[in-house]
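Chain by chain, the residues:
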Amino acid sequence: MITMKKAQIFCTFALMAFALLSCEEEINLHLKTSATRLVVGGMITSDTTQHIITLTQSAHYFDSTQVKYISGALVEVMVADSTVVFTESDEHPGWYLSPEDFYGVPGNEYRLRITNVGLPGISTDEEFTASSIMPAIAPIDSASIGYSHEWDLWKIVISAQDPADQRNYYMFNLQRNGRQITKSLKEKTILDDRLFDGKYASEVWIFGLDTEEYDFQPNDTLTMECYNITKEFYYYVYAVQVEMQGSNPLFSGSPANVPGNISNNALGYFTACGVSRVDFINPYRIEDFK
């Protein structure tokens, strides 16, 4: 992982250069009180795959017990005039899966509805809803890996054309030999295009990875994933990263719940995003640079 000093330096350069999940992420949020609330984690992408919506219950901020998943709910996603039912997984209770041939289309609005939530104080008739319009896909042209001698980091960059005349928001994820290595939201990179709207962004620094933790080898296949996300989800991820990374305890407040877009006082987020990917090969050993 990047040290705090390195992270601050990297973020500064990344913003100057580029102000430019399927994604499966469990979003575990903890309350500072003992109130029990529904926590939703869901993302619809342009991938043809099984999409996952997770339902868990919130926990006290100081509760160290394992996350409790919620079974038996009815989870539906509406698009246009059709309704897609997400079926609960037999292997992972609390995970609700779409049909395998389901995928999102840019420009479509996806509306989530959850009922029959079996939590204390919540009626089975109560509905939890959210909606998201999938942004257009801006594909990555290329990606490559190098090394920063100054900061002792693997340096991973991309080149891409940013669409003009619209504000675009991006989230980046990295895989190594088919396995995701930026797993949590705090490890992903988010950027917007305020400094280069409509321009070609060449070799923009996206990830700076600690060479001691990430032992990349020659011929490793790396995959850069670019998620075109909504403005609202961009700021949600930003807020999650601030809470997870922490701040100076002398001048910051106590941890707080990150506001999401789920109705009826639930926590978490439901979003839709387009995805593009590009593979590239690492030709180096770290010894080549030292």
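Shown above is the structure to which this text applies.
All values reported here derive from a predicted model rather than from experimental measurement.

Colleague: Would you mind showing me how to read the nonpolar core here?
Modeller: One recurring pattern in soluble globular proteins: nonpolar side chains tend to sit buried together. Of all hydrophobic cores here, the largest spans 28 residues; its most connected members are Phe 172 and Met 224. Elements represented by at least two residues in this core include exactly β11 (140–148), β12 (153–161), β13 (169–176), β16 (200–210), β17 (220–229) and β18 (267–282). Ranked by residues supplied to this core, first place goes to β16 with five residues. In terms of nonpolar packing, the next biggest core, distinct from the first, is built from 27 residues, Leu 38, Val 84, Phe 86 and Tyr 110 among them.

Colleague: Is there a simple way to explain the packing of aromatic side chains in this structure?
Modeller: How two aromatic rings sit relative to each other is set out by the distance from centre to centre and by the angle between their planes. Counted according to the given criterion, the structure contains 13 aromatic pairs. Geometrically, the ring pair formed by Trp 154 and Phe 216 is edge-to-face, given 5.4 Å between the ring centres and 65° between the ring planes. In this pair, Trp 154 sits in strand β12 while Phe 216 sits in the loop between β16 and β17, placing the two residues 62 residues apart along the sequence. Like Trp 154, the residue Phe 216 is buried in the burial classification. Summarising the aromatic geometry, the rings of Trp 154 and Phe 289 are spaced 6.2 Å apart at their centres and angled 85° between planes, so their arrangement reads as edge-to-face. Of the two residues, Trp 154 sits in strand β12 while Phe 289 sits in the segment after β18, which places them 135 residues apart along the sequence.

Colleague: Please clarify how the sheet that holds β12 should be interpreted in this entry.
Modeller: In sheet architecture, strand pairing relies on hydrogen bonds along the backbone and comes in two forms, parallel and antiparallel. With antiparallel pairing, three strands are arranged side by side in an open sheet as β11-β12-β16. Where the open sheet ends on each side, the last strands, each with one partner, are β11 and β16. Each neighbouring strand pair of the sheet contributes to a mean axis angle of 25°, computed without reference to strand direction. Across eight bridges, β12 lies against β16 in antiparallel orientation. Each bridged residue has a counterpart across the sheet, and for Leu 153 the counterpart in β16 is Asp 210.

Colleague: Whenever I open this one, the pairing of β13 confuses me. Can you help?
Modeller: Each regular strand shows side chains that alternate between the opposite faces of the sheet. Extensive coverage of β13 is indicated by the burial of seven of its eight residues. Bridge count for β13 against strand β15 (residues 189–192) is four bridges, and the pairing is antiparallel. Bridging from a neighbouring strand, Met 171 pairs with Ile 190 of β15. Note: β13 against β17, eight bridges, orientation antiparallel. The residue bridging Met 171 from the neighbouring strand is Tyr 227, located in β17. With two bridges joining them, β13 and strand β14 (residues 179–180) adopt antiparallel strand pairing. Each residue of the ladder has a partner; that of Gln 175, found in β14, is Gln 180. Once β13 ends, the chain turns through two residues before running back antiparallel as β14, passing Asn 177 with a positive phi of about 50°.

Definitions and limits used
- Along each chain, residue indices are assigned from 1 in the same order as the chain's sequence is written.
- At least 70 in pLDDT is required for a residue's local features to be given in this predicted model, at least 80 for side-chain atom pairs to be given and counted, and no such filter applies to totals for whole chains, interfaces and linings, which use all residues.
- To get the side-chain values, take all heavy atoms of the structure and skip hydrogens and water.
- Side-chain atoms within 4.5 Å link the members of a nonpolar core, which is a set of buried Ala, Val, Leu, Ile, Met, Phe, Trp, Tyr and Cys residues.
- The buried label applies to any residue whose accessible area, calculated with a 1.4 Å probe on protein chains only, is under 20% of its type's maximum; exposed applies above 50%, and partly exposed to all values in between.
- Here a strand is any run of E in DSSP of at least two residues, a helix any run of H or I of at least four, and the numbering for each starts at the N terminus.
- The rule is short: rings of Phe, Tyr and Trp, with Trp giving its six-membered ring, pair when the centres are within 6.5 Å, and they are stacked under 30 degrees, edge-to-face over 60, tilted in between.
- Note on pairing: DSSP must find at least two bridges between two strands before they are called paired.
- In this analysis, axes come from line fits to C-alpha atoms, helices being fitted only over the stretch in contact, and the angle between any two N-to-C directions falls in the range 0 to 180 degrees.

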